[in-house]
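Structure at a glance
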Amino acid sequence: MAIILTESEAKALLQKVLSYSKADECEVNLLGEERGNLRYARNEVSTSGSLINKNLVVQSAFGKKVGVATIDEFDDASLEKVVRRSEELAQLAPENPEYVGVLGPQQYMKSNGFFDSTATVTPDKRAEAVDKSLQLSRAAKLTAAGFLEDQYGYNAMMNSKGLFAYYPSTNVNFTLTVRTPDSKGSGYVARGYSDVSKLDTAAATQIAMQKAQGSAEARAIEPGKYTVILEPTAAVVLLENIFYNMDARSADEGRSYFSKSGGKSRLGDKIVDERVTIYSDPANADLPASPWSGDGRPQEKTMWIEKGVVKNLSYSRYWAQKQGKKAVPNPNNIIMTGGTASLEDMIKSTQRGILVTKLWYIREVDPQTILLTGLTRDGTFYIENGKIKFPVKNFRFNESPVIMLNNLETLGKPERVLSTESNQSYLIPPMKIREFTFTSLSDAV
Amino acid sequence: MTASIPVLGNMVAPELLLEPGVDTAVKKRLADVALNAAKSQGATYTDVRIGRYLQQFMFTREQKVQNIVNAESYGVGIRVIVDGTWGFAATSDVTPDAIAKCAQTAVAIAKANARVQTEPVVLAPQKGVGEVSWKTPIQKNAFEIPVQQKVDLLMKVNSEAMKNGGAFVTSNLFFVNEQKYFASTDGSYIDQDIHRIWPTFTVSAVDRVTGKFKTRDAISSPMGMGYEYLDGLTTEKIPAPNGLVGYRNSYDMVEDATLAAKQVKEKLTAKTVQPGKYDLVLDPNHLGLTIHESVGHPTELDRVLGYEANYAGTSFATLDKWKTKSFKYGSPLVNIVADKKQPHTLGAVGYDDEGVPSKEWNLIKDGVLVNYQAIRDQVAIIGEKESHGCCYADNWNSVQFQRMPNVSLKAGSEKRSVFDMIKGVEKGIYIIGRGSYSIDQQRYNFQFGGQLFYEIKNGEITGMLDDVAYQSNTQEFWNSCAQLCDKDDYRMFGSFFDGKGQPSQVSAVSHGSPTTRFNGVNVINTGRKI
């Protein structure tokens, strides 16, 4: 059997699995994927690989006793075996008081995250794309280290109440660090797409090369509070820590930034500048995402922060039922609206500030305030009177993205960006922030 | 770096984890299929790993079992050199036909990549070791302990934590068993059975009126041991000031949870730290992570050479500094050793994932940088003829590469307990447990938090502190190393899910050290008002 099943093949397989079920409720999740990657460093290919993966997960329930079993062989005997095994585990399991049963049929939005171009990438095509990048770095006598990974797959699910869902998707990520031979300059670029035909490894390489050359001979300036312009690659690794904390249960239990004194949550509170609006939308053409969650809940266009106000927190179905709230699932993508300013406009309007192109090793220092620490990396520049004056040495920062979005000066035009911390893609604008806190200098390049 | 918790494999019934794997003779025949297929396609070197990776992870909160994950992953990874270029492919179909096809794919990938390669891979020679085996010397196989017994332990941990003042508690058990068969064209056929364990919890305290909350994590260490680690033997407990307990090779999880609940309540009202310079007394359960980040990673030769430049970064500990033979990484008290042999450690194996027998070697001797961590395709660069034996892949479907061995700070030769050490400190902070941590991509500038902070004034602990983090520069920090406790205080810290590489892989590594004093380190206050 093929690794990647069509919608009708997946449906037929799932129906067959359910036909073996003797439990009160049964839900089956199915996936198949093919991945290929090519890694290079010191201007040479280092490691590479390919991987195929297929998997079927069966959840059976007798009342509130639930069992889960998985298998990667899809012949009839294996399919029946995995159903029986999940039923045996359910019979042995203690009652799960938080089990709320499976959902009935749902309506899902249309979202296209599948592109033939990406699904048909071969080892030769991967080598060609990397060769374009290597030719440029070798010719310029710069040192490149990069990683190209493509993925093609599908997810499907069906349950005993008649719910069926199917979503095929493709993805390609390309990241590259270019360094000067004396190790005094370093530049970075990251690109992520659903459609590989949008990936131009040569153009991306040019950006990393410019940053590498431009960041050499960096000068040390005093740490302290500065106006910063964060390129989307830098901003996103801070912002995603807000999204990670938007779980209603933790907020209601008093152990999250989204909790507040008196035992309440910040739902409905204005927490950041009114120009900040953050939402999710699986149908967004630039950032398509699956229109359903792993438990079958529809992903709808959902406002998380609107004009600075917390509009939604995510709920498990159990916690929503207990609290009498709508069970809004964790989003499958995140989009932040912006303005019209280009990065160049934002630099031009800055009297004195720092351009930060990438941040690194982000860790939460205090969950109470989402205080984060980390460092600038691969190109940090001093701006004076609307112009980039010179590269500066890297800083360590201690800053909360919540405080940062209260100190907002300007938002630029959103673009699709790959988080260097989580490997997730987002649509995020570049942003100008005042009083960003740098606490020490680093000698790292 | 520490990765999020990865589950590598398919969910299976717990009793399946007890089934013996495939017989060694069968694995040898399958391995030979791969070696021969790759050779006939033009490979000049091939290794094959037939791996069965078992995991049992248990997650609870308060009086509920949230999830029990029983996972098994079985398959074959084949690595080849063709035309001086690496190729790798993997398959979960462990049949002769699929293995031969997988070997052909690995060769095809190597050939495609050879077109853009200019410098051929050169492997340090490794004499074949023939047919051998190695096992982690465990007393109790954690997979054989009934699930109910483990659930009962976690329920006891949780109830004691709640009884003693915790508002919430989560507790987890992680068990890993790697059954790895390695064969190469060097003539090695190596069968290994490796066990690891990690018990851990987090207790939270909440003040609903002020909205303030605090947590205290377990001060256990993940170990290369069986379920016997949870025996809580009194002989393995090391007393410390303020009723604190250090655990050596045996952990008392219920006792630690009881202490944690009391301490997390105290954290809610602890005094906020005054920023400035302090002498730090660092417990092994804290110092291990500082060693990991500021010595372990910068002495990885692949980082030094630039192979990790695009992700984890490079290193300040460059070859020119090492070549001087006088680069003062730390004070003369600092002796840091790499090994894959120390008993009970996460790094202990018989052979690495390219067939090299385990070793021990110095990284820093009397404060001077003397060596790196290197594998077969790098070791010639530092003028050595044999690999250090620290190549690892986290699964059959991942390609093996250089991973950190155990990296440990040797205990001091003078008799000294932590009580003796604190007596000599005028203005200091005693730090226990792993907290927030961050370090730059060349490992100069770092910032570390912890679980518990105690203020020391004139040789006495005066109370708990909050909002503490220290910022330093690696070389400055290790040169401020002023005093070491002795071998009776030496304990392991471990990282169960250390992340590196693209695509990212995890590995498990231990760091031994005694309680150690560092003078005049910069402490910042991390409290903020929103």
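Since this is a predicted model, take the numbers as computed values, not measurements. (Residues numbered from 1 in each chain as written. Chains lettered and ligands numbered in written order. Predicted model: local features only at pLDDT ≥ 70, side-chain atom pairs only at ≥ 80, totals over all residues.)

1. Observations regarding the overall build of chain B
Counting secondary structure elements, chain B contains nine helices and 28 strands. In terms of C-alpha radius of gyration, chain B reaches 24 Å, essentially the compact-globule figure of 24 Å for 530 residues. The C-alpha extent of chain B, read off along each of the three principal axes, is 70 × 60 × 45 Å. By the burial criterion, 58% of the 530 residues in chain B qualify as buried. A separation threshold of at least 6 residues defines the contact pool for chain B, and within that pool the share at least 24 residues apart is 76%. (Helix = DSSP H or I, 4+ residues; strand = E, 2+ residues; numbered from the N terminus. Rg over C-alpha atoms; globule rule 2.2 N^0.38 Å. Buried ≥ 20, exposed ≤ 12 C-beta atoms within 10 Å, placed from the backbone. Contact = placed C-beta atoms within 7 Å.)

2. Some thoughts on the overall build of chain A
For chain A, the count of helices and strands is 10 helices and 23 strands. Against the 2.2 N^0.38 benchmark of 22 Å for 445 residues, chain A shows a C-alpha radius of gyration of 24 Å, consistent with a compact globule. Along the first, second and third principal axes, the C-alpha set of chain A runs to 70 × 60 × 35 Å. With 445 residues in all, chain A has 53% of them scored as buried. Pairs at least 24 residues apart make up 73% of the contacts formed inside chain A by residues separated by at least 6 positions.

3. Some details on helix α3 (residues 147-163) of chain B
All names here are of chain B. Look at α3: 24 Å from first C-alpha to last across 17 residues, which is about the 24 Å you get at 1.5 Å a residue. Inspection of α3 places Lys150, Leu153, Leu154, Val157, Asn158, Glu160 and Ala161 among the buried residues, and these make up the whole buried set. Buried residues of α3 fall within an arc of 165 degrees about the axis and therefore sit on the same side. α3 presents Gln148, Gln149, Asp152 and Lys163 as exposed residues on the side facing more than 90 degrees away from its buried surface. Lining the buried residues of α3 we find β2 (45-61), β6 (168-184), β7 (188-207) and α4 (253-268). Count one or two residues on from α3 and you reach glycine 165, which has phi positive near 115 degrees. (Expected span 1.5 Å × (residues − 1). Arc of directions from axis to C-beta.)

4. A short note on the interface of chain B and chain A
Think of interface size as the accessible area that goes away when the parts come together; that is how it is often given. Contacts between the two partners involve 59 residues from chain B, matched on the other side by 72 residues from chain A. Residue classes in the side of chain B that touches chain A are distributed as 28 nonpolar, 24 polar and seven charged. (Nonpolar A, V, L, I, M, F, W, Y, C, P; charged D, E, K, R; others polar.)

5. As for the sheet that holds strand β4 (residues 143-159) of chain A
Taken in spatial order, the six strands make up an open sheet running β3-β2-β1-β4-β5-β6 (chain A), and their pairing is antiparallel. Bordering the open sheet on either side are β3 (65-71) and β6 (186-193) of chain A, each of which pairs with just one other strand. The mean inter-strand angle of the sheet, taken between neighbouring strand axes irrespective of direction, is 15 degrees. As paired elements, strand β1 (residues 25-41) of chain A and strand β2 (residues 44-62) of chain A share 16 bridges and run antiparallel to each other. Note that in β2(A) the partner of A:Val28 across the bridge is A:Val58. Each of β5 (164-179) and β6 of chain A is contacted by helix α5 (residues 201-214) of chain A, which is oriented at about 155 degrees to β6(A), the strand it contacts most. The strands that helix α2 (residues 96-114) of chain B touches are β1 and β2 of chain A; relative to β2(A), the one it contacts most, it runs at about 140 degrees. (Pairing = 2+ DSSP bridges. Axes fitted to C-alpha atoms, helices over the stretch in contact; angles between N-to-C directions.)

6. A word on the UniProt feature "domain: Metalloprotease TldD/E N-terminal" (unreviewed entry) in chain A
In the UniProt entry, the feature "domain: Metalloprotease TldD/E N-terminal" (unreviewed entry) is given for residues 27-90 of chain A. Helix makes up 23% of residues 27-90 of chain A and strand 64%, and the two end C-alpha atoms of the span are 13 Å apart. (UniProt positions renumbered as here; feature names shortened; annotations may be inferred.)

7. Quick notes on the packing of helix α4 (residues 123-139) of chain A against α5(A)
Residues and elements named next belong to chain A. Two elements in contact, α4 and α5, have axes separated by 8 Å at closest approach and are oriented at 35 degrees. α5 is crossed by α4, and the crossing has right-handed handedness. Where α4 abuts α5, its residues Ala129, Val130, Lys132, Ser133, Leu136 and Ser137 lie against Thr201, Ala202, Thr205, Gln206 and Met209. Here the residues of the contact of α4 with α5 sort into five nonpolar, five polar and one charged. (Left-handed = near helix turned anticlockwise from the far one by under 90°.)

8. Concerning the nonpolar core
Counting 248 residues, the largest nonpolar core has B:Ala34, B:Ala38, B:Ile78, B:Ala106 and B:Ile429 as the members making the most contacts within it. B:Ala34 has contacts with B:Thr46, B:Val48, B:Val76, B:Ile78, B:Ile99 and B:Ala103, leaving out every residue within four places of it along the chain. (Core = buried A, V, L, I, M, F, W, Y, C linked by C-beta atoms within 7 Å.)

9. Topic: the domain arrangement of chain A
All names here are of chain A. If you check the domain split of chain A, you get domain 1 (7-196) and domain 2 (218-445). Centre-to-centre separation of domain 1 and domain 2, based on C-alpha positions: 26 Å. With 31 residues of domain 1 at the interface, the matching set in domain 2 holds 25 residues. Element by element, the count of residues in the side of domain 1 that touches domain 2 is highest for β6, at six residues. The class makeup of the residues in the side of domain 1 that touches domain 2 is 10 nonpolar, 17 polar and four charged. (Domains from an automatic or database assignment.)

10. What to know about the domain arrangement of chain B
Residues and elements named next belong to chain B. With domains assigned, chain B is organised as domain 1 (10-269) and domain 2 (272-525). Relative placement of domain 1 and domain 2: their C-alpha centres are 22 Å apart. Contact with domain 1, which involves 49 residues of that partner, is made by 46 residues of domain 2. Looking at the side of domain 1 that touches domain 2 element by element, the count peaks at six residues for β7. Taken together, the residues that form the side of domain 1 that touches domain 2 break down as 24 nonpolar, 15 polar and 10 charged.

11. So, the UniProt feature "domain: Metalloprotease TldD/E central" (unreviewed entry) in chain A
Under the UniProt annotation, the feature "domain: Metalloprotease TldD/E central" (unreviewed entry) is placed at residues 136-193 of chain A. Secondary structure content for residues 136-193 of chain A is 7% helix and 71% strand, while the C-alpha to C-alpha distance between its ends is 22 Å.

12. Thoughts on α2(B)
Counted at 1.5 Å a residue, the expected span for α2(B) with its 19 residues is 27 Å, and the 27 Å between its end C-alpha atoms agrees. Every buried residue of α2(B) is listed here: B:Ile99, B:Cys102, B:Ala103, B:Thr105, B:Ala106, B:Val107, B:Ile109, B:Ala110, B:Ala112 and B:Asn113. Taken together, the buried residues of α2(B) touch β1, β2 and α4 of chain A together with α1 (24-40), β3 (64-82) and β4 (85-91) of chain B.

13. Here we look at the sheet that holds strand β18 (residues 406-409) of chain B
Residue and element names in this part refer to chain B. Strand order in the open sheet made by the four strands is β15-β14-β13-β18, with antiparallel pairing throughout. On the outer flanks of this sheet lie β15 (368-369) and β18, each paired with one strand and no other. The sheet contact formed by strand β14 (residues 360-365) and β15 spans two bridges and is antiparallel. The residue of β15 that forms the bridge with isoleucine 364 is leucine 369. Relative to β18, helix α5 (residues 284-296) is tilted by about 110 degrees, and along the sheet it contacts β13 (336-339), β14 and β18.

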